[in-house]
Amino acid sequence: MFDNLKSPRQILQYNLFKGVTDWTNFKQFDYYEKGYPFLLVLRYPKFIELNLQYESPATVKVVQNYLHILEHEFIGLEGIENITSANGEFTNGIKTVNYINKVEQAAGTFTMEFRERAGMPITKFNKYFLTGVKDSETQVKHYHGLIDRLRGQSVGNGVQGPTLNSSLTAETQLEFEPGVDKEVFTFLYFVTDNTMSKVEAAHLICGAQPTQAELSIADQKKGEIDNATLSCQFQGICLSNDFIDDKAQACLDIMRDPNNSTSSRVLVNSTKFAYREASRIKAEGTTYTSMGDNVNSATINSYGLTGGTLDSMKVNGTVEEHSIGTSKAVSSNAITLSNE
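Residues numbered from 1 in each chain as written. Predicted model: local features only at pLDDT ≥ 70, side-chain atom pairs only at ≥ 80, totals over all residues. Heavy atoms only, no water.

Caption draft 1: A look at the overall build of the chain. When its secondary structure is counted, the chain shows 6 helices and 14 strands. Counting only contacts in the chain whose residues sit at least 6 apart along the sequence, the fraction spanning at least 24 positions is 64%. Of the accessible surface of the chain, which amounts to about 21800 Å², a share of 51% is contributed by carbon and sulfur atoms. (Helix = DSSP H or I, 4+ residues; strand = E, 2+ residues; numbered from the N terminus. Contact = heavy atoms within 4.5 Å. Areas by Shrake-Rupley, 256 points an atom, 1.4 Å probe, with all protein chains shown as cover.)

Caption draft 2: Region of interest: the pairing of strand 10 (residues 281-284). Pairing between strand 10 and strand 11 (residues 287-290): 4 bridges, direction antiparallel. From the neighbouring strand, Ile281 faces strand 11, where its bridge partner is Ser290. Once strand 10 ends, the chain turns through 2 residues before running back antiparallel as strand 11, passing Gly285 with a positive phi of about 60 degrees. (Pairing = 2+ DSSP bridges.)

Caption draft 3: Up close: the sheet that holds strand 8 (residues 199-210). Strand order in the open sheet formed by 5 strands is 1-7-8-9-4, and the pairing between neighbours is antiparallel. Looking at which strands have only one partner, the edges of the open sheet turn out to be strand 1 (37-43) and strand 4 (108-115). Between one strand axis and the next, the sheet turns through 40 degrees on average, direction left out of account. When strand 1 meets strand 7 (residues 185-192), the two strands line up antiparallel, connected through 6 bridges. Across the sheet, residue Phe38 finds its bridge partner in strand 7, namely Phe190. (Axes fitted to C-alpha atoms, helices over the stretch in contact; angles between N-to-C directions.)

Caption draft 4: Representation of the layout of surface pockets within the structure. Counted as a void, the second largest pocket has a volume near 380 Å³. Split into classes, the residues belonging to the lining of the second largest pocket amount to 5 nonpolar, 5 polar and 7 charged. (1 Å grid on protein atoms, 1.4 Å probe; cavity = no way out; pocket = protein on both sides within 12 Å on 5 of 7 lines; lining within 4 Å. Points joined across faces, edges and corners; volume = space filled by probe spheres on them. Nonpolar A, V, L, I, M, F, W, Y, C, P; charged D, E, K, R; others polar.)

Caption draft 5: Here's a closer look at empty space enclosed by the protein. Counted according to the given criterion, the structure contains 1 cavity of 30 Å³ or more. Approximately 40 Å³ is the volume found for the largest cavity. Taken together, Ile122, Thr123, Asn126, Gln212, Glu214, Leu230, Ser231, Cys232 and Gln233 make up the full set of residues lining the largest cavity. Of all the elements, strand 9 (residues 229-239) adds the most residues to the lining of the largest cavity, at 4 residues. Residues belonging to the lining of the largest cavity are distributed by class as follows: 3 nonpolar, 5 polar and 1 charged.

Caption draft 6: Structural view of helix 5 (residues 242-255). In a regular helix each residue adds 1.5 Å, so 14 residues correspond to 20 Å; helix 5 covers 20 Å between its end C-alpha atoms and thus fits that length. Where helix 5 is concerned, the buried positions are Ile244, Asp245, Ala248, Gln249, Cys251, Leu252 and Met255. Around the axis of helix 5, the buried residues are gathered within 160 degrees of arc, so they sit on the same side. Looking at the packing, one finds that the buried side of helix 5 touches strand 1, strand 7, strand 8 and strand 9. (Expected span 1.5 Å × (residues − 1). Buried < 20%, exposed > 50% of the residue type's maximum accessible area, 1.4 Å probe, protein only. Arc of directions from axis to C-beta.)

Caption draft 7: Inspection of the pairing of strand 8 at higher detail. Strand 8 sits mainly inside the fold: 9 of its 12 residues count as buried. Bridge count for strand 7 against strand 8 is 7 bridges, and the pairing is antiparallel. Residue Phe190 lies in a different strand from strand 8, and its bridge partner there is Ala202. Where strand 7 hands over to strand 8, the hairpin turn is made up of 6 residues, of which Met196 adopts a positive phi near 55 degrees. Two strands pair when backbone bridges link them, and strand 8 and strand 9 are joined in this way by 5 bridges, in the antiparallel orientation.

Caption draft 8: Examining unusual backbone geometry more closely. Positive phi values are uncommon outside glycine, yet Tyr143 reaches one of about 50 degrees. Examined against the element boundaries, Tyr143 turns out to sit in the loop between helix 3 (121-133) and helix 4 (146-149). Tyr143 gets classed as buried once you look at its relative accessible area, which sits at 0%. Phi is positive for Met196, which is not a glycine, with a value near 55 degrees. Inspection of the secondary structure puts Met196 in the loop between strand 7 and strand 8. Looking at Met196, the relative accessible area reads 16%, which means it is buried.

Caption draft 9: Layout of the pattern of salt bridges. For the coordinates displayed, the defined rule picks out 10 salt bridges. A salt bridge links Glu49 to Lys46; its shortest N-O distance comes to 3.0 Å. Within this pair, Glu49 and its partner Lys46 are both found in helix 1 (residues 46-51), separated by 3 residues, close to a single helical turn. Under the relative-accessibility criterion, Glu49 is labelled buried at 18%. The class for Lys46 is buried, based on a relative accessible area of 9%. (Salt bridge = Lys/Arg side-chain N within 4 Å of Asp/Glu carboxyl O.)

Caption draft 10: Expanded view of the nonpolar core. Residues Phe185, Phe187 and Phe234 are the most contacted members of the largest nonpolar core, which totals 40 residues. Looking at this core, the element that brings in the most residues is helix 2 (residues 57-72), giving 7 residues. Counting 16 residues, the second largest nonpolar core, distinct from the first, contains Leu5, Phe38, Leu40 and Cys206. (Core = buried A, V, L, I, M, F, W, Y, C linked by side-chain atoms within 4.5 Å.)

Caption draft 11: Region of the structure containing the packing of aromatic side chains. Applying the stated criterion to the full structure yields 18 aromatic pairs. Grouped by ring-pair contacts, the aromatic residues Phe17, Trp23, Phe26, Phe29 and Tyr31 constitute a single cluster. Lying across the ring of Phe176, Lys182 places its NZ or CZ 5.4 Å from the centre. (Phe/Tyr/Trp six-rings, centres within 6.5 Å; stacked < 30°, edge-to-face > 60°. Lys NZ or Arg CZ within 6 Å of the ring centre and 35° of its normal.)

Shown next, in the form of structure tokens:
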């Protein structure tokens, strides 16, 4: 147990705070630091995935942005339930001795804070999810028309579209059946040490569902200008064991892999970061050029700064090949996640 998590430093040789403390030996003060959480979206509701091909571009954009925000603007989570115990007792009628006869970890509610964006993708997604699971007026589960569309049709056992795939065997062709299994998220939540290279704790959050759409974000008064922070609440069950710890460490290793040039990579050294505007600059000989969003091969000033096409640059840490009007990302190691 605990083999796949960061191992504590051996401190048996130190007196610590018993008697005189050796304040000259800082190796003994190896305390846990909080503040390095990550959330990976392993699965999102199947009914939403299957429905995307029928939805408008505006709805598709809301779903895509919501999933991206969950991972990339995640700053923390509250609600991990403690493992607790319940007691039995021995008694002779006069004196009672308690003993632990039950240990459990209850399912709970998890809260994550996000700053809502213009266009309200978080609020819109939660409303889309909740009203698809149960219509707020009729209490009917309709998945925004998906159930009617797929009635009597077959879908693959894996990530297949809603249309019948003739290449699937009879065993893998299943009639679409609405149910809770089509309505849940699965998250991998883990926290790391302050080097962001070792997992301190990991939890698999299963059966997760957002429990509210904060339409109250529209409660406003003229002249009170501010950003809106949302407390997104999910209900679900939290699981942890050695297998989950191992998977979390494997994901973290990919995220920190210097050969990973995908968006899953986490860059921690800002002194080496290729900021977008600096990446636009190309110096050759006695001139330097740059291609900005509002520049089109036009001379900017007497120093020779002109617009042009950069052959290659790094944008937000991701290596890309660029030409005018096109962009092609260089693929490398990535965390591949399915939504079965």
